[in-house]
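# Coordinate analysis (summary)
Each chain, written out:
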Amino acid sequence: MKDIPVIPRAKPEGPLRPHERSLAALGMTPRVNRRAFIAGALVSVLPLATARATPEAMAAAIKEVVGDNAIREGRVTLDLPPLIENGNAVPLTVSVESPMSEADHVKAIHVFNEKNPQPHVFDARLGPRNGKAVIATRIKLGDSQKIVAIAETSKGEFFSASADVIVTLAACLEDLT
Amino acid sequence: MLPVVFAASFALAQVGADRAGADKRRSGYQDMGAALQKMQDDDSANPGMLFVQLGQQLWSKPAGAANKACADCHSIADMKGVAARYPAMLKDGDKPIDLEGRISLCRTANQQAEPFAPESRDLLPLMAFVANQSRGMPIAPPQDARLTPFREQGAAIWVRRQGQLNLSCAICHDDNAGKKLAGVTIPEAHPTGYPIYRLEWQALGSLKRRLRNCLVGVRAEAYAHEALEYVALEVFLMDRAKGMIFESPGVRP
Amino acid sequence: MTQVLINAPKTAKKGEVIELKALILHPMETGFRPGTNGRIIPRNIIERFTASWNGNEILRMDLSPAIAANPFVSFFAVATESGKITFRWTGDEGFAVEESVAIDVA
């Protein structure tokens, strides 16, 4: 069987990604590199109770994407199980009704959460070459909360859908905590 | 240089082998929501399949002083049905051995290599690959009278109260299976999918790891890794699940 | 070396909308979890997933620590012409993996 090559690349540089900016806004340090961690130089032991995004942080993250534009209901379907057996891997599908033509297509899908440590989940860039504006993936949810999906069209319109989910946990885990 | 491409979906119906008597036993698969069932059924979405693929690669890799690969002695077809009939007694052994132990024995005795660490990155994928060859087959513990005392030892552990919470396995998984505990359905605890990709672990793990979680769950001291108790429990559990369809690699919360 | 599983049809009709699925082995360590020593385990995630059809980008996805370990993505593409669909994952610790599948479009 073949080896899949892992191509070495320089460390992440350049402007902070959206989820890193949100973290910085919440007072946390993104991009702690492994060497510094081992040297103990940048020890940030975050008490988990305080390192949380809030509905305000989610609203700010949404505003960064949408600006002053109106957000309309409809066209977006956010598919999540209402009762989640484990928040570590939650299947999620976002579908947007759209002709996906050159003139009228979904150009981006953004998903946000309100109670994880930072409000971003993912940002996907699409185009007419997709044929269908559907993205499915698996996400992490630290708590029962609201998830919001926003679709941006090539005409500059924004549509959104949200879902409230309950996250549970099994009784018998590895650790006592 | 083609990557592995899985084009098919795998739909599993856990009806049990006993059609006439309507088997009422439920695999943990049936207690999961539809989204997780779909994750298990789709070979290109089931994270356990990443480990099966890795196991397939390790299967052909020579190891140890003997410089032998599993493939040098076994064909993949030889592995069909194996996981469904473990734990088993070794030909001239006095104790049952589980699949993990059997693979480890091949590694040290036949490949003459260093033993695997428990839940190691090499052992688990090999277990996953071997177990996957029994997927779709009924669980079929061997008819070996020598297993009887160990099955009875497992049965005794099953009903014994343990730990600070003073619970026995049977209290949750026999008496209260199907009811909810903190919002989650209590499964009957049949080992139909091992090694499983447990979402809680975010990794593949063995039945032994899951049993250790149970012991911590009732606040008991987990037996040592090499303890016979785990194998005895597995002999009992596989017998209790006899006839149910093997699903490895299962996905479980 | 890492494990990747791709589900893509080998053939398609021109103009057909096909589903593509990609699964990769990666811990997606969030950077928020304390390790057994009480210190936070540093973040180690895949930050970007892209797919291209004969070099033309058909999907670009920016991931965050909120994406589950061993990330799975499923999306759609219009079968335009025969060739290669290339998937690329990049992220922390210099992570960069590329995998391609061939497709025949009639």
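Overview of the structure. All chains use their own residue numbering, which begins from 1 and follows the written sequence. Chain letters start at A and ligand numbers start at 1, both assigned in the order the entries are written. For this predicted model, a pLDDT threshold of at least 70 governs which residues receive local features, and a threshold of 80 or more governs which side-chain atom pairs are given and counted, while totals over whole chains, interfaces and linings are taken from all residues.

## Considerations on the overall build of chain C
Basically, it comes down to this: Each helix is a run of H or I in the DSSP string that is no shorter than four residues. Each strand is a run of E no shorter than two, and both are numbered from the N terminus. Any pair of residues counts as being in contact when their C-beta atoms, constructed from backbone geometry, are within 7 Å of one another.
From N to C terminus, chain C includes zero helices and eight strands. Across its three principal axes, chain C shows a C-alpha extent of roughly 60 × 20 × 20 Å. Sequence separation of 24 or more characterises 58% of the internal contacts of chain C that already satisfy a separation of 6 or more.

## Looking at the interface of chain C and chain B
We apply this condition: Put simply, Ala, Val, Leu, Ile, Met, Phe, Trp, Tyr, Cys and Pro go in the nonpolar bin, Asp, Glu, Lys and Arg in the charged bin, and everything else, Gly too, in the polar bin.
Every contact between the two is made by 15 residues of chain C and, on the other side, 13 residues of chain B. If you list the elements that add at least two residues to the side of chain C that touches chain B, you get β1 (4-7), β3 (17-24) and β8 (95-105) of chain C. In terms of residues, the side of chain C that touches chain B owes the most to one element, β1(C), which gives four residues. Considered class by class, the residues forming the side of chain C that touches chain B number 10 nonpolar, three polar and two charged.

## Some thoughts on the sheet that holds strand β7 (residues 251-252) of chain B
Quick reminder of the rule: Strands were regarded as paired on the criterion that DSSP finds at least two bridges between them.
Read from one edge of the open sheet, three strands run β6-β5-β7 (chain B), paired in mixed fashion. Each end of this open sheet is capped by a strand with a single partner; those strands are β6 (203-205) and β7 of chain B.

## Re unusual backbone geometry
The test is simple: Around each residue's C-beta, the other C-beta atoms within 10 Å are counted; 20 or more make the residue buried, 12 or fewer make it exposed, and counts in between make it partly exposed. All C-beta atoms are placed from the backbone.
The linkage connecting B:Y86 with the following residue, B:P87, adopts the cis geometry, with an omega of 0 degrees. For B:P87, the position within the fold is in the loop between α3 (70-73) and β1 (88-89). Across the junction of B:Y194 and B:P195, the peptide omega takes the value -10 degrees, indicating a cis bond. Within the secondary structure, B:P195 is located in the loop between β4 (184-185) and β5 (196-198). Positive phi, normally seen in glycine, also occurs at A:R75, with a value near 65 degrees. Along the chain, A:R75 falls in the loop between β1 (71-73) and β2 (76-79). With 17 C-beta atoms counted inside 10 Å, the residue A:R75 sits in the partly exposed group. Non-glycine residue B:N166 carries a positive phi angle of around 55 degrees. Assignment of secondary structure puts B:N166 in the loop between α6 (148-159) and α7 (169-175). Judged by the 11 C-beta atoms lying within 10 Å of it, B:N166 is exposed.

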